[in-house]
Amino acid sequence: MKTFFKVLLCAIFIQLTACSDKTAQKNIAMYTQAWDDIINNGNLEAINGDNFDTNITLISSPENIVGIEDFKSYYSNFTTGFSDREFTIEDIFGDGNKLVKHWNFKGTNTGEFFGMPPTGKQINVSGVTLVKMKDGKILQEQDFMDNLEFMGQLGIDPFLNPTNVSLIRKLYDDFATGNIEAVGAAMDDKIVWNEAENFPLADGNPYIGFDAILQGVFARIGSEWDYWKLNDVALHEMTNNKILATGRYEAKYKKNGVEIDLQMAHLWTLKDGKIIAFQQYADTKGITDAMAK
């Protein structure tokens, strides 16, 4: 009897192992084809509900990329940022719904990449990805690569954070369209905001938190000026998670109808994907003179 149960257990184990191997092989075939189509063919539409679970998650920092649309948006940076793309899966193996791949990516940075202008540099990087599958679809990915090497090949200071530029650019876009809610969402709860010395709104320095900024800065601009625009904004990434924005203020003062067109600079400090500090630099004399006319 004991022999019979041993044989039965062995048979069950062999059957389960065989099923797991078949599942892994099926997943590998599907996975390989999907990523060849996405990267090498530039077919972002392959990031869809047929190939990916609706809750597809890219484990990332400072926050995960979740959902098909956000996942597609993330990888669009690679398909538009690099030409001559060559994505090769050097090796891939798995156990049931868990896969491991060793990959290599080559390309030329001829397009904007996460908000950064093209460098024209060629890259050749390798890495490893841990993959989870579910019901024949890609559920989760986690990439491991030498980011310092990658940034170095692009000719970018590896100690800079390229996502900071994208975040500040979006902030100015949201401000221009009046999406104040999105502007506030980009800021840390305890952001420290300082207007330029002698600027009319510097009387509340430092403003702590978005509510204080909203009432002490944005609301007052809206009530005292017919319009307040930021033109010719250029972003300059600096070390220590700082972004310097330069440009011009164009505005019209309600009381006397006087218009201004003056230089300005904004220094932003970020941490973990949030703005934690702001310092304004402006032609305060030009503004106060316009208000006094």
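Remember, it's a predicted structure, so these values are computed and weren't measured experimentally. (Residues numbered from 1 in each chain as written. Predicted model: local features only at pLDDT ≥ 70, side-chain atom pairs only at ≥ 80, totals over all residues. Heavy atoms only, no water.)

Asks: If you had to explain the packing of aromatic side chains to someone new, which residues and values would you point to?
Replies: One pass over the full model with this rule turns up 30 aromatic pairs. Seen in terms of ring centroids, Phe71 and Tyr75 are 5.0 Å apart; in terms of plane orientation they differ by 55°. Their pairing is tilted. On the criterion of helical spacing, the pair formed by Phe71 and Tyr75 is a turn pair, its members being 4 residues apart in helix H2 (residues 68-81). Accessibility classification places Phe71 together with Tyr75 in one group, the buried group. Ring geometry for Trp268 and Phe278: centres 4.6 Å apart, planes at 55°, overall tilted. With Trp268 in strand E11 (residues 259-271) and Phe278 in strand E12 (residues 274-282), the pair connects residues that are 10 residues apart, well separated along the chain. Both residues of the pair, Trp268 and Phe278, count as buried. Aromatic rings pair up to connect Tyr31, Trp35, Phe52, Phe71, Tyr74, Tyr75, Phe78, Phe82, Phe105, Phe113, Phe114 and Phe150 into one cluster. A cation over a ring is seen here: Lys229 above Tyr227, with NZ or CZ 5.3 Å from the ring centre. (Phe/Tyr/Trp six-rings, centres within 6.5 Å; stacked < 30°, edge-to-face > 60°. Helix = DSSP H or I, 4+ residues; strand = E, 2+ residues; numbered from the N terminus. Buried < 20%, exposed > 50% of the residue type's maximum accessible area, 1.4 Å probe, protein only. Lys NZ or Arg CZ within 6 Å of the ring centre and 35° of its normal.)

Asks: Outline the sheet that holds strand E4 (residues 98-109), supporting the account with residue identities and numerical values.
Replies: The 6 strands lie next to each other as E2-E1-E6-E5-E4-E3, forming an open sheet whose pairing is mixed. Unpaired on one side and paired on the other, strand E2 (65-66) and strand E3 (82-95) mark the two borders of the sheet. By the bridge criterion, 2 bridges tie strand E1 (residues 52-58) to E2 in an arrangement that is antiparallel. Bridge pairing links Thr57 to Val66 in E2. (Pairing = 2+ DSSP bridges.)

Asks: Mind laying out the confidence of the model for the protein chain, listing which residues take part and the relevant values?
Replies: Overall, the predicted model of the protein chain reaches an average pLDDT of 88, with 91% of residues at or above 70. Scored below 50 in pLDDT, residues 4-19 makes 0 contacts in the model with residues more than four places away or belonging to other chains. (pLDDT = per-residue confidence, 0-100. Contact = heavy atoms within 4.5 Å.)

Asks: Which residues make up a nonpolar patch on the surface, and what values do they have?
Replies: A contiguous nonpolar surface patch, about 230 Å² in accessible area, is contributed by Val128, Leu130 and Phe144. Relative to the helices and strands, Val128 is located in strand E5 (residues 122-134). (Patch = residues over 30% accessible without salt bridge, like charges linked within 9 Å, V, L, I, M, F, W, Y side chains within 5 Å. Areas by Shrake-Rupley, 256 points an atom, 1.4 Å probe, with all protein chains shown as cover. Salt bridge = Lys/Arg side-chain N within 4 Å of Asp/Glu carboxyl O.)

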